[in-house]
Amino acid sequence: MTANSNPNRMFLVIGTLIAAVLIGLAVFAIQGKPAQGSATFDLTGVPFAGQDSAPVDVVVVEDFKCPVCKNFEETVAPELKTKYVDTGKIKQYSLLWPFLAEARSLSTDDSKLAAQAAMCVYDQGGNDAFNAFKAILFRAQGDENTVWATKSRLKELAGNLENLDQSKFATCLDSDVTAARVDAMEAQVNKARVTGTPTVFVNGKQTDATVADISAAIDAAK
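If you look the protein up in an unreviewed UniProt entry, it shows as Thioredoxin-like fold domain-containing protein from Deinococcus radiotolerans. As recorded by UniProt, the Sequence similarities (unreviewed entry) comment attached to the protein reads in full: "Belongs to the thioredoxin family. DsbA subfamily."

Caption draft 1: Just the sheet that holds strand β1 (residues 48–49), in detail. The sheet built from five strands is open, its strands ordered β1-β3-β2-β4-β5 with mixed pairing. Two strands lie at the open edges of the sheet, namely β1 and β5 (205–207), each paired on one side alone. By the bridge criterion, four bridges tie strand β2 (residues 56–62) to strand β4 (residues 199–202) in an arrangement that is antiparallel. Counted as the bridge partner of Val59 is Phe201 from β4. Relative to the sheet, helix α2 (residues 67–85) contacts β1, β2, β3 (90–96) and β4, its axis offset from that of β3 by approximately 155°. Packing of helix α7 (residues 179–191) onto the sheet brings it into contact with β2 and β3, and relative to β3 it is tilted by some 105°.

Caption draft 2: Focus on unusual backbone geometry. Pro198 follows Thr197 through a cis peptide bond whose omega is -5°. Note on placement: Pro198 falls in the loop between α7 and β4. Of note in this structure, Ser105 is not a glycine but carries a positive phi near 55°. In this structure, Ser105 sits in the loop between α3 (100–103) and α4 (110–139). A relative accessible area of 65% places Ser105 in the exposed class. If you check the backbone angles, Asp176 has positive phi at about 55° while not being a glycine. Overall, Asp176 belongs to the partly exposed group, its relative accessible area being 34%.

Caption draft 3: Here's a closer look at the state of the cysteines. For the structure on display, the rule yields one disulfide. Here Cys120 engages in a disulfide with Cys172; their sulfurs sit 2.1 Å apart. What sets the handedness of the Cys120 and Cys172 disulfide is the S-S torsion sign, and at about -85° it is left-handed. Of this pair, Cys120 sits in helix α4 while Cys172 sits in helix α6 (residues 166–174), and the two are 52 residues apart along the sequence. Of the two residues, Cys120 and Cys172, both sit in the buried class.

Caption draft 4: Main features of the environment of Glu79. Along the polypeptide, Glu79 turns up in helix α2. Of the residues examined, Glu79 reaches a relative accessible area of 47% and is grouped as partly exposed. Here the alpha-carbon distance between Glu79 and Ser215, two residues 136 residues apart in the chain, equals 9.7 Å.

Caption draft 5: Highlighting the pairing of β4. Where burial is concerned, the two faces of β4 agree: the one with Thr199 and Phe201 and the one with Val200 and Val202 are both buried. Strand direction decides the pairing type here: β4 and β5, joined by three bridges, are antiparallel. Note on β5: the bridge partner recorded for Val200 is Thr207. Linking two consecutive strands that pair antiparallel, namely β4 and β5, is a turn of two residues; a positive phi of about 50° is found at Asn203 within it.

Caption draft 6: The packing of aromatic side chains, seen in detail. Under the counting rule described, the total for this entry stands at six aromatic pairs. Between Phe41 and Phe201, the aromatic rings sit 5.0 Å apart at their centres with planes inclined by 75°, giving edge-to-face as the arrangement. Of the two residues, Phe41 sits in the loop between α1 (5–31) and β1 while Phe201 sits in strand β4, which places them 160 residues apart along the sequence. With respect to burial, Phe41 and Phe201 carry one shared label: buried. Ring plane angle 70° and centroid distance 6.2 Å describe the contact between Phe133 and Phe169, whose orientation is recorded as edge-to-face. Taken together, the residues span a long stretch of sequence, with Phe133 in helix α4 and Phe169 in helix α6 at a distance of 36 residues. A residue is classified by how much of its surface remains accessible, and Phe133, at 0% relative accessible area, is buried.

Rules and cut-offs
- Residues numbered from 1 in each chain as written.
- Predicted model: local features only at pLDDT ≥ 70, side-chain atom pairs only at ≥ 80, totals over all residues.
- Heavy atoms only, no water.
- UniProt positions renumbered as here; feature names shortened; annotations may be inferred.
- Pairing = 2+ DSSP bridges.
- Helix = DSSP H or I, 4+ residues; strand = E, 2+ residues; numbered from the N terminus.
- Contact = heavy atoms within 4.5 Å.
- Axes fitted to C-alpha atoms, helices over the stretch in contact; angles between N-to-C directions.
- Buried < 20%, exposed > 50% of the residue type's maximum accessible area, 1.4 Å probe, protein only.
- Disulfide = S-S within 2.5 Å.
- Phe/Tyr/Trp six-rings, centres within 6.5 Å; stacked < 30°, edge-to-face > 60°.

What follows is the structure, encoded as structure tokens:
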């Protein structure tokens with residue numbers, strides 16, 4: 001053992017500890033932030049807001065029972081509408097992922113019922129009617145841990161749409177005609193490995209659901 005061996009050993013131990021701390025911090029940072037990925041969606045028949053000619057597709061994955069989605073619709077969506085939807089820069093698609101009722105083990109899957117009702121409205125009135133009903137559903141949102149979007153409640157809420165044939169809507173909802181299409185949307189979401197709502201994709205690339213991040217992604221996609 002030489003005279004310099006102890007100091008060298010100390011430096012080695014300190015260096016090892018620093019490296020371990022840095023690795024730990026890196027792992028924490030990765031685990032603490034949702035993974036950002038990309039996906040390809042078939043948007044045929046998926047409701048959207050905006051002009052057909054808009055060059056950028058923005059897909060928002062939502063559940064009508066999701067309180068964070070409600071906050072997104074009240075805070076982020078209005079700014080996107082003013083800046084990008086109304087100016088013809090984006091089409092903002094609503095890809096429905098009714099997962100919360102099942103995740104909360106509720107007795108009735110009212111996440112799916114709400115999605116089915118929204119698609120019944122879409123089939124009858126198109127994008128404008130769908131987006132109007134979407135706003136109604138989020139305003140009427142109940143506790144995510146309770147069953148609130150029952151068929152009777154959904155019919156009551158649909159009554160706020162003046163030009164909707166209520167009898168036709170009720171028949172559509174009661175017969176679960178749109179259930180298969182809701183399942184198809186859910187399958188697309190699962191394939192994209194989405195883990196929560198709202199999740200936003202700009203031209204297939206996932207981004208954080210904030211005005212700043214979505215705006216940056218839209219501007220980069222032009």
